[in-house]
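Structural overview for review
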Amino acid sequence: MSAGTYAPRPGAAPVARMIAAQAAFETKMLLRNGEQLLLTVIIPSLLLVLFSTVDVVDTGSGEPVDFLAPGVLALAVMSTAFTGQAIATGFERRYGVLKRLGASPLPRWALMAAKTLSVLVTEVLQIVLLTVIAFGLGWSPHGNPFAVLLLLVLGTAAFSGLGLLMAGTLKAEATLAAANLVFLLLLVGGGVIVPLDRFPDAVASVLALLPISALSDGLRDVLQHGAGVPWGDLGILALWAVLGLGAAARLFRWE
């Protein structure tokens, strides 16, 4: 054995390995946070069970769970990609975590990629759990799985951009208040629990342009009604994704 075989090799790890390690860390931190679990897991699950079993909201003909499951899936995406990410990133920025990570060998774009990967992993866990609960309540989904996947990916991109924009421009306390307020408002007015046709026509037309409405309606068209690819809803989500991610990349402040 020659000398120096076990000598350290200075230098940064490959970027892919750094992203994977940071994403694993971000996911563990999210799953250990009680407030985040309340937003991402407990509230969507309770809403799905409660409104599917108790006749509180008129969801139209058919089983309530067939209407509610797609909307709750959309809510789960919003809770993780927007609300949870905005709050966590906002406080990381306040405490100087982002500034220190930005000075590490991990590139800033790689840090954002790791956060996005963490969001996707969390969403997979959410969707699996909510799907199991919905099947237990008698859910009978239809439609094209590719259309569902496309809606979820574009919805995640749209909400991630908006969450990062909020976290990178507002103070942490303002982000906490605003993100939770937006979550509650969109829960009520985003077609998640209450159908948009229950609102006045003028209000419903405006609400239909929101990302949560496009995601919930698109998922409902596919999973409940067996429709093809909902290009209109995908277009709305793509527009929000471009605007949100573009504004976040331009305006995000690391300090």
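Fair warning: this is a prediction, and the values are worked out from it, not measured in the lab. (Residues numbered from 1 in each chain as written. Predicted model: local features only at pLDDT ≥ 70, side-chain atom pairs only at ≥ 80, totals over all residues. Heavy atoms only, no water.)

What about the packing of helix α9 (residues 211–223) against helix α10 (residues 231–251)?
- Direction vectors running N to C along α9 and α10 enclose 150 degrees, while the axes themselves pass 9 Å from each other. Here α10 runs roughly antiparallel to α9, going by the angle between their axes. Judged by the twist between their axes, the crossing of α9 over α10 is left-handed. Contact residues: Pro211, Ala214, Leu215, Asp217, Gly218 and Asp221 in α9; Asp233, Ile236, Leu237 and Trp240 in α10.
- Considering only residue class, the contact of α9 with α10 consists of 6 nonpolar, 1 polar and 3 charged. (Axes fitted to C-alpha atoms, helices over the stretch in contact; angles between N-to-C directions. Helix = DSSP H or I, 4+ residues; strand = E, 2+ residues; numbered from the N terminus. Parallel < 35°, antiparallel > 145°, perpendicular 65-115°, else oblique. Left-handed = near helix turned anticlockwise from the far one by under 90°. Contact = heavy atoms within 4.5 Å. Nonpolar A, V, L, I, M, F, W, Y, C, P; charged D, E, K, R; others polar.)

Re the pattern of salt bridges
- Following the criterion strictly, the structure yields 5 salt bridges and no others.
- Arg94 is the salt-bridge partner of Glu173, the closest N and O atoms lying 2.6 Å from each other. You can see Glu173 sitting in helix α7 (residues 172–189) and its partner Arg94 sitting in helix α3 (residues 64–94), a full 79 residues away along the chain.
- Note that Arg220 and Asp217 form a salt bridge whose closest N and O atoms lie 3.3 Å from each other. On the criterion of helical spacing, the pair formed by Arg220 and Asp217 is a turn pair, its members being 3 residues apart in helix α9.
- Its relative accessible area of 22% is what places Asp217 among the partly exposed residues. (Salt bridge = Lys/Arg side-chain N within 4 Å of Asp/Glu carboxyl O. Buried < 20%, exposed > 50% of the residue type's maximum accessible area, 1.4 Å probe, protein only.)

Observations regarding the packing of helix α6 (residues 145–169) against α10
- Where α6 meets α10, the closest approach of the two axes is 7 Å, and the angle between their N-to-C directions is 30 degrees. Considered as vectors, α6 and α10 are oriented roughly parallel to each other. Of the two elements, α6 crosses α10, and the hand of that crossing is left-handed.
- Of the residues contributing to the contact of α6 with α10, the split by class is 17 nonpolar, 6 polar and 1 charged.

Points about the environment of Arg250
- Structurally, the position occupied by Arg250 is in helix α10.
- Spatially, the C-alpha atom of Arg250 lies 10.0 Å from that of Gly168, the residues being 82 residues apart in sequence.

A closer look at the environment of Phe25
- Within the secondary structure, Phe25 is located in helix α1 (residues 15–32).
- Accessibility expressed as a relative area gives 47% for Phe25, which makes it partly exposed.
- C-alpha of Phe25 to C-alpha of Ser213: the two residues are 188 residues apart in sequence and 32 Å apart in space.

Quick word on the side chain of Glu123
- Within the secondary structure layout, Glu123 lies in helix α5 (residues 108–136).
- Residues in contact with Glu123, not counting those within four places in the same chain, are Val77, Thr80, Ala81 and Thr156.

Section: the layout of surface pockets
- When its volume is computed, the largest pocket comes out at roughly 450 Å³.
- The set of elements that each furnish at least two residues to the lining of the largest pocket consists of α1, α2 (34–53), α3, α4 (97–102) and α5.
- The element that contributes the greatest number of residues to the lining of the largest pocket is α3, accounting for 8 residues.
- When its residues are assigned to classes, the lining of the largest pocket shows 11 nonpolar, 8 polar and 4 charged.
- Lining the second largest pocket, in full, are Met112, Leu164, Leu245, Ala248, Ala249, Phe252 and Trp254.
- Here the lining of the second largest pocket takes 3 residues from α10, the largest share from any one element.
- Looking at the lining of the second largest pocket residue by residue, the classes come out as 7 nonpolar, no polar and no charged. (1 Å grid on protein atoms, 1.4 Å probe; cavity = no way out; pocket = protein on both sides within 12 Å on 5 of 7 lines; lining within 4 Å. Points joined across faces, edges and corners; volume = space filled by probe spheres on them.)

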